[in-house]
Amino acid sequence: MKQGLLQWSPCPHHHPSLSSFFLRPSPIHRARVAGRPSPPPPPPAAISAALESAGTEALTARERRQLRNQRRESRAAYNWREEVEERLIKKPKKQYSSWTEELNLDSLAKSGPQWWIVRVSRVRGQETADLIARSLIRSFPDVEFKVYAPAVQEKRKLKNDSYSVKAKPLFPGCVFLRCILNKELHDFIRECDGVGGFVGSKVGNTKRQINKPRPVSEDDMEAIFRKAKEEQEKTDRAFEDEQVSETLKSEKLDLMEDSLESAMKPKRQSRKPSSTLRGLSAKEKCKLLVPGSTVRVLSGTFAGFEGSLKKLNRKNKKATVGFALFGKESLVDLDVDEIVQEVA
């Protein structure tokens, strides 16, 4: 047991004045221990004098509080009470509205003109926006409003070299409306054809609930305008690039067609059919024509082409002639009057 104990010795730097400072009880504490009533607190002047004379004397919490207030009041230009009162006056008070006041849509007009989102059909969004604008002009001529349906105008070139412009909505099913909204205007817009209501949140209680519209901030609307402008510029650039590529493609096709026409065009033959064969009738031609002979087309689509006679139907006066096109032999049915036998 003695090995676990350490002998206590006073600190070598111990000073008797410090021990008296920490261990001396206050007058109020001595009075409470003795059971006597506590003496009255000293005045502020006495406290400040006591601190100046003996700075090491301990103070109670009340004495420290009185000293702090005395220092505040000693400054002539600073009045902390007035500052606190002004701060309390400027502090906005919380407005606790009842659920019946939240159901009143006329309170939306207090915020002034705001942007609201109207739910419409995803397919007929632009038509519904035009309908809302016309209805408001007709029924509320004194109300200032703006209807905005963000969309990108897409251009396309048709086969008849005309252009079609089609609007592609950026936010399908949403139309933005800027106005001073109240209950009358809210109910009127909801009754329009194709309108599904406003974008908002549910308010009320279990007895009654409504969808209260929620406004869109100006920063969000600026971002929407900026996005619509960027998408339109992007679409226009893509259309211009497509036009340039189509022009180059058409030029290449024209060059290919010209080369094919020159390759398919038959060469002129110096040999000419005899006048006797040209003046013969169809019956006489059928007698002279022999399958396997070389014939030339006089008229029709294949005028000027030479081919080999494959079949001959003397009853119907039809002849099947084979032409060499693109390295292949193509069979074509022609009238006997359209061909003539080549004479060597």
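Residues numbered from 1 in each chain as written. Predicted model: local features only at pLDDT ≥ 70, side-chain atom pairs only at ≥ 80, totals over all residues. Heavy atoms only, no water.

A few words now on the nonpolar core. Val-118, Leu-136, Leu-181, Leu-185 and Ile-189 are the most contacted members of the largest nonpolar core, which totals 21 residues. Those elements that place two or more of their residues in this core are strand E1 (114-120), helix H7 (125-139), strand E5 (174-179), helix H8 (183-190) and strand E6 (195-198). Beyond its immediate stretch of four places on either side in the chain, Ile-189 contacts Val-118, Leu-136, Leu-177, Val-195 and Phe-198. (Core = buried A, V, L, I, M, F, W, Y, C linked by side-chain atoms within 4.5 Å. Buried < 20%, exposed > 50% of the residue type's maximum accessible area, 1.4 Å probe, protein only. Helix = DSSP H or I, 4+ residues; strand = E, 2+ residues; numbered from the N terminus. Contact = heavy atoms within 4.5 Å.)

Another aspect to go through is the packing of aromatic side chains. Using the criterion set out here, one finds 7 aromatic pairs in the structure. The interplanar angle of 75° and the centroid separation of 6.0 Å between the aromatic rings of Trp-115 and Phe-225 together place this pair among those described as edge-to-face. Of this pair, Trp-115 sits in strand E1 while Phe-225 sits in helix H9 (residues 218-264), and the two are 110 residues apart along the sequence. Residue Trp-115 is classed as buried on the basis of its relative accessible area of 6%. (Phe/Tyr/Trp six-rings, centres within 6.5 Å; stacked < 30°, edge-to-face > 60°.)

Next up on the list: the pairing of strand E9 (residues 294-297). The pairing of E9 with strand E10 (residues 306-313) spans 3 bridges and is classified as antiparallel. Bridged to Thr-294 within E10 is Ser-308. Sheet topology places E9 next to strand E13 (residues 339-341); 3 bridges connect them, and they run antiparallel. When the bridges of E13 are listed, Val-295 appears paired with Gln-341. (Pairing = 2+ DSSP bridges.)

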